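# Chain and residue survey
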Amino acid sequence: MAELDTSGGGKHKGGKVRSKKASTRVDLTAMVDLAFLLITFFMLTTTLAKPKAMDMAMPDTTKPQEQLAVPATRTMTILLGSNNKLEWYIGETGKSAPTVDNFGKDGLRKALIENSNKIKASHGGQPMIVLIKPSDKSTYNNFVNALDELNITGIDEHAVVKITQVEIDDLKKNGLYN
Amino acid sequence: MPRVKVQRKSTATDMTAMCDVAFLLLTFFILTSKFKTPDPVPIDIPGYTKTVVLPEDNIATLTIGSGKVFFGVDQNLRKTTLEEVGKLYNITFTPAEINTFIGLPNVGVPIHSLKDYLNMDSEKRKAIQLPGVPTDSVSNELFNWIKQARLADAALNKPLRITIKGDAKQEYPTVGRVIDILQKQGANKFSLITALKAAPK
């Protein structure tokens, strides 16, 4: 961008030759261009968003510990199957028919809230215990979603447990293991 | 009669302020930037409603995707970790190999092909498909990588924070295996890297 000469360039009056004052202005256009180019580059390559994470704590398996006996009537077991589906049941394995459900607001979350309230009412305010059993056909997303639902519904007592053969057979029966 | 001359205005604008702002932003981005480390496999992290911000350093990352596991640790721990793991498998690395290793964000090859992998030129290294660190209990490789990184970090008196960055579509068994490996060495607390999801009403 060249500067236009606006001095007029008329005749000098009085005949005296004045030395022309050089402008002190520097053309910054190129410099600004370069600066914005670099800004664009750094903006696109940086990760401003710091990684977010959720904390997990698993039980210590290295040393034997005292196990507290827990009434089975207070536990709800969630089996994670394939195709983003799950099964849940209350109490001991095989004694009550599992319910096939899906993730989300009307599925697992509703079941968790209902069961939690029911168990609290029948056990004098004691909280429900939830066991999550991911099967080999479930995805990592299912696992995180299940934990998320527990977090949303405010159920603190939960554990991740290995699935048993009986439960796998049950998932197979319901077509959730393929 | 003299003609009325139209005063011509200069088209040059004052760029000083613009230049100032541009360089201010530039300085900010240069100082705060941390380059994205490309994931060895495409990773789409799952969402979670309640997350904490991870610290910037002192973490080990286990990247899980496409059935493979990759191990990465902070730059200042890489040298010790590599040397100690090498000792377990009777492999000694040359200083040049160690230097290459320090520059790599992730380990994604079995220990016995690691030497060959480090000696490749960088173009070739980018091009090949990585098999991931073996997670089977026979060679115990992932176990040893994590263990040695934790030991190297313990020498600096800080507990190493282990994070798992898993792909949402990853089938659970691989993740379960990694969690088992962590539990086996008493690393019962770890973090799963998740994206923040809006909390439901």
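The preceding data block contains the structure.
We now turn to the structure provided with this report. Note that the structure is predicted; figures quoted are calculated from it, not measured. (Residues numbered from 1 in each chain as written. Chains lettered and ligands numbered in written order. Predicted model: local features only at pLDDT ≥ 70, side-chain atom pairs only at ≥ 80, totals over all residues.)

## As for the overall build of chain A
- The helix and strand inventory of chain A stands at four helices and six strands.
- Taking the contacts inside chain A whose residues are at least 6 apart along the sequence as the reference set, 66% of them involve residues at least 24 apart. (Helix = DSSP H or I, 4+ residues; strand = E, 2+ residues; numbered from the N terminus. Contact = placed C-beta atoms within 7 Å.)

## Looking at the nonpolar core
- In this structure, Ile78 of chain A together with Val178 of chain B are the most contacted members of the largest nonpolar core, which totals 57 residues.
- Of all the elements, helix α7 (residues 172-184) of chain B adds the most residues to this core, at six residues.
- Discounting chain neighbours no more than four positions away, the residues touching Ile78 of chain A are Leu86, Trp88, Val130, Leu131, Ile132, Lys133 and Ala146 of chain A. (Core = buried A, V, L, I, M, F, W, Y, C linked by C-beta atoms within 7 Å. Buried ≥ 20, exposed ≤ 12 C-beta atoms within 10 Å, placed from the backbone.)

## Some thoughts on the sheet that holds strand β5 (residues 129-134) of chain A
Residues and elements named next belong to chain A.
- In spatial order, the strands read β4-β3-β2-β5-β6; together these five strands make up an open sheet with mixed pairing. A strand with exactly one partner marks an edge of an open sheet, and here the two such strands are β4 (99-102) and β6 (158-160). Taking each pair of neighbouring strands and ignoring which way they run, the sheet shows an average axis angle of 25°.
- One ladder, built from six bridges, connects strand β2 (residues 75-80) with β5; its direction is parallel. By the bridge assignment for β5, Leu79 is matched with Lys133.
- On the sheet, helix α2 (residues 105-122) packs against β2, β3 (85-90) and β4 and is oriented at approximately 125° with respect to β4. (Pairing = 2+ DSSP bridges. Axes fitted to C-alpha atoms, helices over the stretch in contact; angles between N-to-C directions.)

## Focus: unusual backbone geometry
- In this structure, Asn83 of chain A takes a positive phi of about 50° despite not being glycine.
- Judged by the 14 C-beta atoms lying within 10 Å of it, Asn83 of chain A is partly exposed.

## A look at the interface of chain B and chain A
- Listed as interface residues are 51 residues of chain B and, on the opposing side, 43 residues of chain A.
- Of all elements in the fold, only α1 (16-32), β2 (52-53), β5 (161-166), α7, β6 (189-193) and β7 (195-196) of chain B reach the threshold of two or more residues within the side of chain B that touches chain A.
- Broken down by element, the side of chain B that touches chain A gets its largest block of residues, ten residues, from α1 of chain B.
- Residue composition of the side of chain B that touches chain A, grouped by class: 27 nonpolar, 16 polar and eight charged.
- Bridge analysis of strand β1 (residues 52-57) of chain A against β6 of chain B gives five bridges, and the strand direction is antiparallel. Across the sheet, the residue bridging to Met54 of chain A is Leu192 of chain B, located in β6 of chain B. (Nonpolar A, V, L, I, M, F, W, Y, C, P; charged D, E, K, R; others polar.)

## Re α2 of chain A
All names here are of chain A.
- Taking 1.5 Å per residue, 18 residues should reach 26 Å; α2 reaches 25 Å between its end C-alpha atoms and fits that length.
- Taken as a whole, α2 has its buried residues at Leu108, Leu112 and Ile119. One face of α2 carries all of its buried residues, which in axial projection span an arc of 50°. Residues of α2 that are exposed and point over 90 degrees away from its buried face: Lys105, Asp106, Glu114, Asn117 and Ala121.
- Contacts from the buried residues of α2 go to β3, β4 and α3 (140-153).
- One or two positions beyond α2, positive phi appears at Gly124, with a value near 60°. (Expected span 1.5 Å × (residues − 1). Arc of directions from axis to C-beta.)

## Concerning the sheet that holds β2 of chain B
- Across the sheet, which stays open at both edges, the six strands sit in the order β2(B)-β1(A)-β6(B)-β5(B)-β3(B)-β4(B) with mixed pairing between neighbours. The sheet is open, and its two borders are formed by β2 and β4 (68-73) of chain B, each paired with just one other strand.
- One ladder, built from six bridges, connects strand β3 (residues 59-65) of chain B with β4 of chain B; its direction is antiparallel. Counterpart to Thr61 of chain B in the pairing with β4 of chain B is Gly72 of chain B.
- On the sheet, helix α6 (residues 141-154) of chain B packs against β3, β4 and β5 of chain B and is oriented at approximately 15° with respect to β4 of chain B.

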